[in-house]
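# Analysis of the macromolecular model
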Amino acid sequence: MTTVIVHATLTLDGFLADPEGGVDWMFGRPSAPEDDVVIQGLMNRIGAVVGGANKTRTIEDGELPYGGMLKVPVYLMTHSAHEPIERDGTTYSFVVDDIAEAVRLASDAAGERWVSLLGGSISRQCLRLGLVDELHLHVAPVLLGEGISLFAGLGQRIELERIETTGFASEAHLRYRVIRPR
């Protein structure tokens, strides 16, 4: 069965990016081999990705999920139909205004592997709909003070169970299971 995960690197104050969408704070930090093992292990289990399309429904170099390293199906949310795009061995399919359908399609494509949700809006929508199984968060030791938040505007309480916590040179790696109401 597929596991749907929110996967994000964020600052200690909960931001995915600075106010303009920049993520330069993610790079150039000290790293340890153990950090790389955590990230690589997670990436090896991802079988599909759900994210948001840009306004022009193109696939630009700086917008490739995971920098284009993962060759898995990508489902992008959009408000108008567009034919799939094939780029460097990855198929980008566009799903119009139905996040549950995007997650279903990604789950079918992923099989036993994980579906990774990218971005604050996508993650919050899926959390509100009860589509998320786990959160995989990598917290960098930096405070931005303002920026694009992962959880701001969620609008509801969601209980979590800690599965795993590790920390090495560059980040604290946190893994939580979403507790479903009975």
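All residue numbers refer to position in the chain's written sequence, counted from 1. With pLDDT at 70 or above as the cut-off, local features in this predicted model cover only qualifying residues; side-chain atom pairs require 80 or more to be listed or tallied, and sums for whole chains, interfaces and linings still use all residues. Side-chain figures throughout are based on the complete set of non-hydrogen atoms in the structure, without hydrogens or water.

## As for the overall build of the protein chain
Helix numbering and strand numbering both begin at the N terminus, where a helix is a DSSP run of H or I of at least 4 residues and a strand a DSSP run of E of at least 2. Within the protein chain one finds three helices and 11 strands. Sequence-ordered secondary structure for the protein chain, helices as α and strands as β, is β-β-α-β-β-β-β-α-β-α-β-β-β-β. Computed over C-alpha atoms, the radius of gyration of the protein chain comes to 16 Å, within 12% of the 16 Å expected from 2.2 N^0.38 for 182 residues, which places it in the range of a compact globule. Oriented by its inertia axes, the alpha-carbon framework of the protein chain measures out at about 45 × 40 × 30 Å. When a residue's accessible area, from a 1.4 Å probe over protein chains only, is under 20% of the maximum for its type it is buried; when over 50% it is exposed; and in between it is partly exposed. Per-residue burial for the protein chain yields a buried fraction of 42% across its 182 residues. When checking whether two residues touch, look at their non-hydrogen atoms; a contact exists if any pair is within 4.5 Å. In the protein chain, of all internal contacts separated by at least 6 residues, the share reaching a separation of at least 24 is 70%. All accessible-area figures derive from a Shrake-Rupley calculation using a 1.4 Å probe, and residue coverage is judged against the displayed protein chains alone. Surface accessibility of the protein chain: about 9,800 Å² in total, with carbon and sulfur atoms responsible for 54%. Radius of gyration: over C-alpha atoms. The globule rule applied is 2.2 Å multiplied by the number of residues raised to the 0.38 power.

## Overview of the pairing of strand S1 (residues 3-11)
For S1, a buried count of nine out of nine residues is recorded, marking the element as mostly surrounded by other parts of the structure. Covered by surrounding structure in S1 are Thr3, Ile5, His7, Thr9 and Thr11 together with Val4, Val6, Ala8 and Leu10, the residues of both alternating faces. Any two strands between which DSSP finds at least two bridges are classified as paired. Alignment of S1 against strand S7 (residues 114-117), held across four bridges, turns out to be parallel. Looking at S7, one finds that Val6 is bridged to Leu117. Alignment of S1 against strand S8 (residues 134-140), held across seven bridges, turns out to be parallel. Note that in S8 the partner of Ala8 across the bridge is Leu137.

## A look at the sheet that holds strand S11 (residues 172-178)
Strand order in the open sheet formed by nine strands is S5-S6-S4-S3-S7-S1-S8-S11-S10, with mixed pairing between adjacent strands. The open sheet has two free edges, formed respectively by strand S5 (85-87) and strand S10 (160-167), since each of these has just one partner strand. With strand direction ignored, the average angle separating the axes of adjacent strands in the sheet is 25°. Where S5 lies against strand S6 (residues 90-96), three bridges are found, and the strand directions are antiparallel. Counterpart to Ile85 in the pairing with S6 is Tyr92. Between the N-to-C directions of two axes lies an angle of 0 to 180 degrees, each axis being a line fitted to C-alpha atoms and, for a helix, fitted only over the stretch in contact.

## Digging into the environment of Glu161
Note on placement: Glu161 falls in strand S10. Once residues within four sequence positions are removed from consideration, Glu161 is found in contact with Arg175, Tyr176, Arg177 and Ile179.

## Let's talk about the nonpolar core
In this text, buried Ala, Val, Leu, Ile, Met, Phe, Trp, Tyr and Cys residues form a nonpolar core when linked through side-chain atoms within 4.5 Å. Ranked by internal contacts, the top residues of the largest apolar core, which has 28 residues, are Val50, Val115, Leu117 and Val132. Those elements that provide at least two residues to this core are S1, strand S3 (46-52), strand S4 (74-78), helix H2 (99-110), S7, helix H3 (120-128), S8 and S11. The element contributing the most residues to this core is H2, with five residues. The contacts of Val132, once residues within four sequence positions are left out, are Val4, Val6, Leu117, Ser123, Cys126, Leu127, Val178 and Arg180.

## Things to note about the side chain of His173
Along the chain, the position of His173 falls in strand S11. When neighbours within four sequence positions are excluded, His173 is seen to be in contact with Asp35, Val38, Ile39, Leu137, His138, Glu164, Thr165, Thr166 and Phe168.

## With respect to the pairing of S7
Burial along S7 is two-sided: Trp114 and Ser116 and Val115 and Leu117, pointing in opposite directions, are all buried. Pairing of S3 with S7 involves four bridges; the strand directions are parallel. By the bridge assignment, Val49 is partnered in S7 with Ser116.

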